[in-house]
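# Notes for the structure review
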Number of protein chains: 2
Amino acid sequence: MSSELEQIRQRYVESAGHLSQSIGLGRSLGQIFMHIYLSPEPQTLDDLTRELEISKGGASMAVRQLEQWGAVRRVWIKGRRKDYYEASEDFGRVIRKALLDVIGRRMEVTDGLIEDAEKVLAGKNNGDKDWKFMKRRIRKLRTFRDRARWIWDRSIVKLLLK
Amino acid sequence: MSSELEQIRQRYVESAGHLSQSIGLGRSLGQIFMHIYLSPEPQTLDDLTRELEISKGGASMAVRQLEQWGAVRRVWIKGRRKDYYEASEDFGRVIRKALLDVIGRRMEVTDGLIEDAEKVLAGKNNGDKDWKFMKRRIRKLRTFRDRARWIWDRSIVKLLLK
DNA sequence: CTGCGCGTTCAATCTATATTGAACGTATCA
DNA sequence: TGATACGTTCAATATAGATTGAACGCGCAG
């Protein structure tokens, strides 16, 4: 492949790496996807370790993540023993799956905590000013949490499905 | 303040710290906001460093970030020299500002790269298979980038404004 | 003007997490 | 049934970036 073409690809790989790094997914995830996406031929783990200078273990894990999000798919080439990967062009689907996965996981983290505290607070219902304040704030927190979840489930997810 | 109340607050502070850490904002940002939010009285930087055991420098920077997002506001108490902070209850506005800030910044990162490469590719328009492939992929990338920006600007932002 | 009490800055340090790579399990081929 | 060529795992390591804290500037009180 022409070296000028190679240069362009490298620039994209680098950029994708920075981007995925900046959103907290690690550099190699973006690099790997972009490399596969800009490769005319399906790529193997060895191709990735060689071209991107990353470890085999890392490549293996990243590729599995990308596969779960539908960003790459495994293709079998008969006669070959290795796994070959090619990129999906359906970015919409990929982003949707990744968002649902990543953000959905994050929203679960907060579950449980608010309910627990509200139970304690309900028991201790004396007229104390500070307890009242705490109750009001935590009720407000819960209201917002519920609304956020609703918007996420009913509106954002729906929007992403288009 | 009752120590039981104090315990509840500490649990929330800890959780908020974990949450903000997990979304890549650092632990202290979440801790600080939650501490102020659950405090009946406006808090000073010294209060924060004492209660949360964080450095003054860090508290100063985090509070400034929270102020920019409208999550806390500075209040003057006459006769006092220190800055006092109290929390906003309008989470919707806060989240909106933070998202627009954080994600907006991220979307700018990718600008420029695609255009540059397309110019190079347009020049080298020979019939070569690999060049054609690269062109198609990058065009697709650009199409998606444009669509993503459109959805962000026209739909998500609009949704958040409610 | 001087000293003090603040908030801010930023190079040094620490830490959460991404990445590595040797050891391992597994499937394929002779 | 080995032998080999893979992909996977996970404890060890490296690194990005969050946090610290000493030095600083500024404004107010005396």
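Now for a look at the structure at hand. (Residues numbered from 1 in each chain as written. Chains lettered and ligands numbered in written order. Predicted model: local features only at pLDDT ≥ 70, side-chain atom pairs only at ≥ 80, totals over all residues. Heavy atoms only, no water.)

## Overview of the overall build of chain A
Along chain A, the regular secondary structure elements total seven helices and two strands. Starting at the N terminus, the α and β elements of chain A follow one another as α-α-α-α-β-β-α-α-α. Over its C-alpha trace chain A gives a radius of gyration of 23 Å, far above what one expects of a compact globule, namely 15 Å for 162 residues. Taken along its principal axes, the extent of the C-alpha atoms in chain A is 75 × 30 × 30 Å. Counting every position in chain A, which comprises 162 residues, the buried fraction comes to 40%. Long-range contacts, defined as pairs at least 24 residues apart, comprise 50% of the intrachain contacts of chain A with a sequence gap of at least 6. (Helix = DSSP H or I, 4+ residues; strand = E, 2+ residues; numbered from the N terminus. Rg over C-alpha atoms; globule rule 2.2 N^0.38 Å. Buried < 20%, exposed > 50% of the residue type's maximum accessible area, 1.4 Å probe, protein only. Contact = heavy atoms within 4.5 Å.)

## Some thoughts on the layout of surface pockets
All names here are of chain A. If you add up the space inside the second largest pocket, you get close to 220 Å³. Breaking the lining of the second largest pocket down by element, the ones donating at least two residues are helix 1 (3-22), helix 2 (27-37) and helix 3 (45-52). Considering every element that reaches the lining of the second largest pocket, the biggest residue donor is helix 1, with five residues. For the lining of the second largest pocket, a count of residues per class yields three nonpolar, three polar and six charged. (1 Å grid on protein atoms, 1.4 Å probe; cavity = no way out; pocket = protein on both sides within 12 Å on 5 of 7 lines; lining within 4 Å. Points joined across faces, edges and corners; volume = space filled by probe spheres on them. Nonpolar A, V, L, I, M, F, W, Y, C, P; charged D, E, K, R; others polar.)

## Some thoughts on the protein's contact with DNA strand C
Around DNA strand C sit 21 residues, and of these Arg27(A), Ser28(A), Ser55(A), Ser60(B) and Arg64(B) come closest. When atoms of DNA strand C within 4 Å of the protein are sorted by moiety, sugar and phosphate together comprise 72%. The separation between a phosphate oxygen of DNA strand C and a polar main-chain atom of Ser55(A) is 2.9 Å. In this structure, Lys56(B) approaches DNA strand C through a side-chain N or O atom, which is 3.4 Å from a base nitrogen. Elements with a contribution of two residues or more to the surface near DNA strand C: helix 2 and helix 4 (56-68) of chain A together with helix 4 (56-68) of chain B. (Near = heavy atom within 4 Å. Polar contact = N/O pair within 3.5 Å; in protein donor to acceptor, adjacent residues only side chain to side chain.)

## A look at the relation of the copies chain A and chain B
Superposition of the two copies of the chain requires a rotation about an axis and a shift along the axis. Note on the copies: chain A fits chain B at an RMSD of 0.1 Å, the axial shift is 0.0 Å, and the rotation between them is 180°. Look at the turn and shift together and you get a two-fold axis relating the two. Considering only C-alpha atoms, the residue of chain A closest to the rotation axis is Gly24(A), which sits at 3.4 Å. Both copies present the same face, since 100% of the interface residues in chain A are matched by interface residues at the equivalent positions in chain B. (Least-squares fit on C-alpha atoms with pLDDT ≥ 70 in both.)

## Digging into the interface of chain A and chain B
One frequent convention defines the size of an interface as the accessible area lost when the parts assemble. Chain A puts 48 residues into the contact, and the matching count from chain B is 49 residues. Both faces combined, the contact of chain A with chain B buries some 4,600 Å², and carbon together with sulfur accounts for 70% of it. Linking chain A with chain B are six salt bridges. With its nearest N and O atoms 3.3 Å apart, the salt bridge here joins Arg137(A) to Glu89(B). Linking chain A to chain B there are nine residue pairs in polar contact (both at pLDDT 80 or more). Looking at the side of chain A that touches chain B, the elements that each hand over two or more residues are helix 1, helix 2, helix 5 (91-109), helix 6 (113-123) and helix 7 (129-161) of chain A. For the side of chain A that touches chain B, the class distribution of residues is 27 nonpolar, seven polar and 14 charged. (Buried area = accessible area lost by both parts, 1.4 Å probe. Salt bridge = Lys/Arg side-chain N within 4 Å of Asp/Glu carboxyl O.)

## Concerning the protein's contact with DNA strand D
If you check the shell around DNA strand D, you find 21 residues, and the closest are Ser60(A), Arg64(A), Arg27(B), Ser28(B) and Ser55(B). The protein-proximal atoms of DNA strand D, defined as those within 4 Å of the protein, are 71% sugar or phosphate. The separation between a phosphate oxygen of DNA strand D and a polar main-chain atom of Ser55(B) is 2.9 Å. Contributions of two or more residues to the surface near DNA strand D are made by helix 4 of chain A together with helix 2 (27-37) and helix 4 of chain B. At five residues, the largest contribution of residues to the surface near DNA strand D is made by helix 4 of chain A. In terms of residue class, the surface near DNA strand D is made up of four nonpolar, nine polar and eight charged.

## A word on the environment of Met134(B)
Residues and elements named next belong to chain B. Position of Met134 among the secondary structure elements: in helix 7 (residues 129-161). Take Met134: its relative accessible area is 1%, and that puts it in the buried class. For the pair Met134 and Glu118, spaced 16 residues apart in the sequence, the C-alpha separation amounts to 9.7 Å.

## Details of helix 1 (residues 3-22) of chain B
Residues and elements named next belong to chain B. Between its first and last C-alpha atoms helix 1 spans 28 Å; for 20 residues at 1.5 Å apiece the expected length is 28 Å, and the two agree. If you check which residues of helix 1 are buried, you get Leu5, Glu6, Ile8, Arg9, Tyr12, Val13, Ala16, Gly17 and Ser20. Among the residues trailing helix 1, Gly24 stands out with phi positive, at a value near 80°. (Expected span 1.5 Å × (residues − 1).)

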